[in-house]
Amino acid sequence: MSRPSRPVLLTGASGALGRMLTRALGAKGWTLRLTDIAPFPDQIPDGASFEAADLVDRDAVLRLAEGCGTILHFGGVSVERPFDEVVGPNIGGLYTVYEAARRNRARVLFASSNHTIGFHERATTIDSESPFRPDGYYGASKVWGEMMGQLYWHKHGVESVLVRIGSSFPKPIDARMLATWLSYGDLARLCERAVVAETTGCAVIWGTSRNSRMTWWTGDDRDRIGWEPQDSADDFIVELAGATSGDPFVERYQGGAYVALDRSA
Ligand code: 15L
């Protein structure tokens, strides 16, 4: 598979997914620019460099993106938090990331989330054009990120791959993840395809592995980048089928526990 001709900027490099992607893409000899607000805890691969930056520091992010061909945007708040913690990195930060992409004619892979649609019921199947139903400030900030992708595509021709990640962990750990799990290998291959694909337009992709329980999400743009998941949560069905929350409200919705956080009684 071809190597990108320009450096790839990876935000959120010090998080669990960022570290995994650094290992996977660094092993391919890619020129990676890594950044995070936290120090990078691992050895930096050959061909990569790391610079600490806060996503709300516009000048720093714009400078880091100079000359890059793709921005893999995994930075920002990655779980439900109070609004004041989310707004800087996830709302303001997205403006900076898309401005950086516009100035450099770069493509963006945005790590969106299933929490953009968390209030759809598990008994229903939705596609990538179904209405957003965020289940918190975090999910709403991911809707904003996807909207920035749409805006910058239609107005400025900036390409995006908007990945609605289910649950990306080393292995599934509860019954919900039998549907939502995205293996590290499948995520790394998705990112690789998103970088090297000839064109993407503004693509929306459900980020899950080939889980037979994954009946909630269908119809996306994965063909545009030539990505098909290879792994599956099915090996964990016997072990995890009974590992539910026990809360009927949580079990009703696709977003799982997030739908009940800070909920008015
Ligand atoms: C997410 O978006 C979070 O980043 C992750 O920590 C999990 O909570 C995941 O969703 C999930 O829904 O399992």
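Structural data are supplied above this passage.
Predicted, not measured: the structure shown is a model, and the values here were computed from it. (Residues numbered from 1 in each chain as written. Predicted model: local features only at pLDDT ≥ 70, side-chain atom pairs only at ≥ 80, totals over all residues. Heavy atoms only, no water.)

Undergrad: Tell me about the pattern of salt bridges, residues and numbers included.
TA: Under the counting rule described, the total for this entry stands at 15 salt bridges. The closest approach of N and O atoms between Glu99 and Arg103, which form a salt bridge, is 3.8 Å. Placement of the pair is Glu99 and Arg103 together in helix α3 (residues 83–104), with a separation of four residues, close to one helical turn. Accessibility expressed as a relative area gives 9% for Glu99, which makes it buried. (Salt bridge = Lys/Arg side-chain N within 4 Å of Asp/Glu carboxyl O. Helix = DSSP H or I, 4+ residues; strand = E, 2+ residues; numbered from the N terminus. Buried < 20%, exposed > 50% of the residue type's maximum accessible area, 1.4 Å probe, protein only.)

Undergrad: Describe the site of the ligand, naming the residues involved and giving the relevant values.
TA: Taken together, the neighbourhood of the ligand is formed by Ser78, Val79, Ser113, Asn114, His115, Tyr138, Gly166, Ser167, Phe169, Arg176 and Tyr258. Notes on the ligand: free accessible area 320 Å², of which the protein chains cover 81%. Classifying every residue of the shell around the ligand by side-chain character gives four nonpolar, six polar and one charged. (Near = heavy atom within 4 Å. Areas by Shrake-Rupley, 256 points an atom, 1.4 Å probe, with all protein chains shown as cover. Nonpolar A, V, L, I, M, F, W, Y, C, P; charged D, E, K, R; others polar.)

Undergrad: How would you explain helix α1 (residues 16–26) if you had to name every residue and give the values?
TA: Looking at α1, one finds that the buried residues are Leu17, Gly18, Met20, Leu21, Thr22, Leu25 and Gly26. On its buried face, α1 sits against β1 (8–11), β2 (32–36), β4 (70–73), β7 (160–165) and α6 (184–196). (Contact = heavy atoms within 4.5 Å.)

Undergrad: Outline the environment of Ser167, supporting the account with residue identities and numerical values.
TA: Following the sequence through the fold, Ser167 ends up in the loop between β7 and α5 (177–180). Taking the relative accessible area as the measure of exposure, Ser167 reaches 4% and is therefore buried. Not counting chain neighbours up to four residues away, the residues in contact with Ser167 comprise Arg176, Met177, Thr180, Trp181 and Leu182. A polar contact of 2.7 Å, which involves the side chain of Ser167, links it to the side chain of Thr180. (Polar contact = N/O pair within 3.5 Å; in protein donor to acceptor, adjacent residues only side chain to side chain.)

Undergrad: So what's going on with the environment of Gly18? Which residues, and what values?
TA: As for its position among the elements, Gly18 is in helix α1. Sequence separation between Gly18 and Phe74 is 56 residues; the distance between their C-alpha atoms is 6.7 Å. Those residues within four positions of Gly18 in sequence are excluded, and the remaining contacts are Leu10, Gly12 and Ala13.

Undergrad: Could you give an account of the pairing of β7, with specific residues and numbers?
TA: With six of six residues buried, β7 is to be regarded as a mostly interior element. Burial along β7 is two-sided: Ser160, Leu162 and Arg164 facing one way and Val161, Val163 and Ile165 facing the other are all buried. Bridge analysis of strand β5 (residues 107–113) against β7 gives six bridges, and the strand direction is parallel. Counted as the bridge partner of Ala111 is Val163 from β7. (Pairing = 2+ DSSP bridges.)

Undergrad: Run through the sheet that holds β7, naming residues and quoting values.
TA: Here seven strands make up an open sheet; going across it, the order is β3-β2-β1-β4-β5-β7-β8 and the pairing parallel. Single-partner strands in this sheet number two, and they are β3 (48–52) and β8 (202–207). In this sheet, adjacent strand axes meet at a mean angle of 20° when their direction is disregarded. Where β1 lies against β2, four bridges are found, and the strand directions are parallel. Opposite Val8, over in β2, you have Leu32 as the bridge partner. With respect to the sheet, α1 is in contact with β1, β2, β4 and β7, its orientation differing from that of β2 by roughly 170°. Contacts between α6 and the sheet are confined to β1, β4, β5, β7 and β8, with β5 contributing the most and set at about 150° to the helix. (Axes fitted to C-alpha atoms, helices over the stretch in contact; angles between N-to-C directions.)

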